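Structural characterization, general
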Amino acid sequence: MTSISQSRNLEFTQSIASKSARLYARASELMPGGCSRNTILRKPHPLYAAKGEGCIVTDVEGVKRIDFANNMASLIHGHADPVVMRAVHQQLEKGTAFTLATEVEVLFAEHLVNRNPGFEKIRFVNSGTEAVMCCLKAARAFTGRSKIAKVEGAYHGLYDYAETSQTSRPENWGDADQPSSVSVAHGTPRAVLNEVVVIPFNDTKRALSILDRHTEELACVLLDYMPHRVGLTPATEEFVQALHGWTQLHGALLVADEVITFRSCHGGAQQWYGYCPDLTAMGKVIGGGFPVGALAGRREVMDVMNPYTEPLLFPHSGTFSANPVTMAAGRTAMEIFDNDAVVSLNRLAEQVRKQISEAIRLADVPACVSGAGSLFRVHMKPHPPSNYRQAYVTSREAELIMMMLEHLLEQGFIMINTCSGALSTAMTVQEIDQLAEAMLCGFRQMRKFMTDPA
């Protein structure tokens, strides 16, 4: 693996002549911020990938790094998995899109429905954002109600309603007993915010008290069982049971966002709790490395999209929904991500969480690690947060996170920009050990920085 440890004083000078720097200069003239997604940005410029193979990504400068980001947790088998690639190549030879149905859509639908008894029917879309959007629209169509409830700080994609309060701050998030509905994008209509009820994560008493004020208005409660931006801490059994019971009692639907967490169990993180939601949104890993989304759930709820019913409550279509290339890749990826593979990957992730915790102990720094399944997140605070307000990253914590991310990048590791990681089946104990060793070094540097009077 090419070494990338180099002097900070030379980094910018060298980057001016780098291919990545030249690409970014061109991109900045063409796209806002020089990109189409903010997650790839870093200073002085993004890194540009040339090739990915297994758990290794090579950039355009020829530097190889171990990839713990896996395209924001979407690559369950790492890069260019040969089994998935064969399925893709076979489909490419047949065609990429048709105004006809394809057998591969049916085959993939059968596979996903068989992974979870709560998936009585399913439809495919093109992204996790679209899957959540369709779930909310289906819930409104089924119940005849307009409002939704969601967890404060939880990320559910780009849809106006679903993104409410995902970036709220101490100065605008309101009282804990009645969190404010805060917009993300400037210009979001106030009418949109009025249709969203915000509840705290893992605070059953407060959440139910808030929901009880809207018993006749709520179409659904939207829940991520382990929301990344809320700290990547699993929901408690009490919290999930309470929300499930409340929705059943009051005629609302429970909508699970499993776009990230579906990797956690053979049938999704909902299987941790034993309660089937009415609808589930999926994405990321089910695409086998291609853009994808899906919604699945109870037959009578899903049938609001059935065009053969009268009246049709939710007309739904999409030019690239159930694209056959994605269907072939996704079906193959999920078939080889069987129960044994899920258990094995989760066991590997448990090992990385333990080793990072041990590195924190040895370095004696105020940090912690959270997560479950095959996901983990490092916090620059002494205890794992249980809700968004506890997980909120202060400016000091943000500085420490950036220090760690830069250190890890120099040592040859790609992480999600919250200092989170998502394992792939291409990884082994060797990569886990290497990451833990690099983190121990990073924590020790952090300790010195925190105690240096200068």
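All of the points below concern the structure found in this document. Source: prediction; values computed, not measured. (Residues numbered from 1 in each chain as written. Predicted model: local features only at pLDDT ≥ 70, side-chain atom pairs only at ≥ 80, totals over all residues. Heavy atoms only, no water.)

Turning to helix 14 (residues 395-410), a few remarks are in order. For helix 14, with 16 residues, the first-to-last C-alpha span of 23 Å sits near the 22 Å given by 1.5 Å per residue. For helix 14, the full list of buried residues reads Glu397, Leu400, Ile401, Met404, Leu405, Glu406, His407, Leu408 and Leu409. Immediately downstream of helix 14, the backbone of Gly412 shows phi near 100°, a positive value. (Helix = DSSP H or I, 4+ residues; strand = E, 2+ residues; numbered from the N terminus. Expected span 1.5 Å × (residues − 1). Buried < 20%, exposed > 50% of the residue type's maximum accessible area, 1.4 Å probe, protein only.)

Summarising burial for strand 11 (residues 279-283): five of the five residues are buried, a large majority. Covered by surrounding structure in strand 11 are Leu279, Ala281 and Gly283 together with Thr280 and Met282, the residues of both alternating faces. Summarising the sheet, strand 10 (residues 253-257) and strand 11 pair through three bridges and their orientation is parallel. What sits directly across from Ala256, in strand 11, is Thr280. In terms of strand pairing, strand 11 meets strand 12 (residues 293-297) through five bridges, oriented antiparallel. (Pairing = 2+ DSSP bridges.)

Moving on, we come to the pattern of salt bridges. Scanning the entire structure with this criterion turns up 17 salt bridges. For Glu217, the salt bridge is made with Lys147, and the minimal N-O distance between the two is 3.4 Å. In this pair, Glu217 is assigned in the loop between helix 8 (204-211) and strand 9 (218-223) and Lys147 in strand 5 (residues 147-151), connecting sequence segments 70 residues apart. A relative accessible area of 13% means that Lys147 is categorised as buried. Residue Glu350 is joined to Arg353 by a salt bridge in which the shortest nitrogen-to-oxygen separation is 2.9 Å. Of this pair, Glu350 and Arg353 both sit in helix 12 (residues 339-363), three residues apart, which is roughly one turn of the helix. The class of Arg353 is buried, set by a relative accessible area of 9%. (Salt bridge = Lys/Arg side-chain N within 4 Å of Asp/Glu carboxyl O.)

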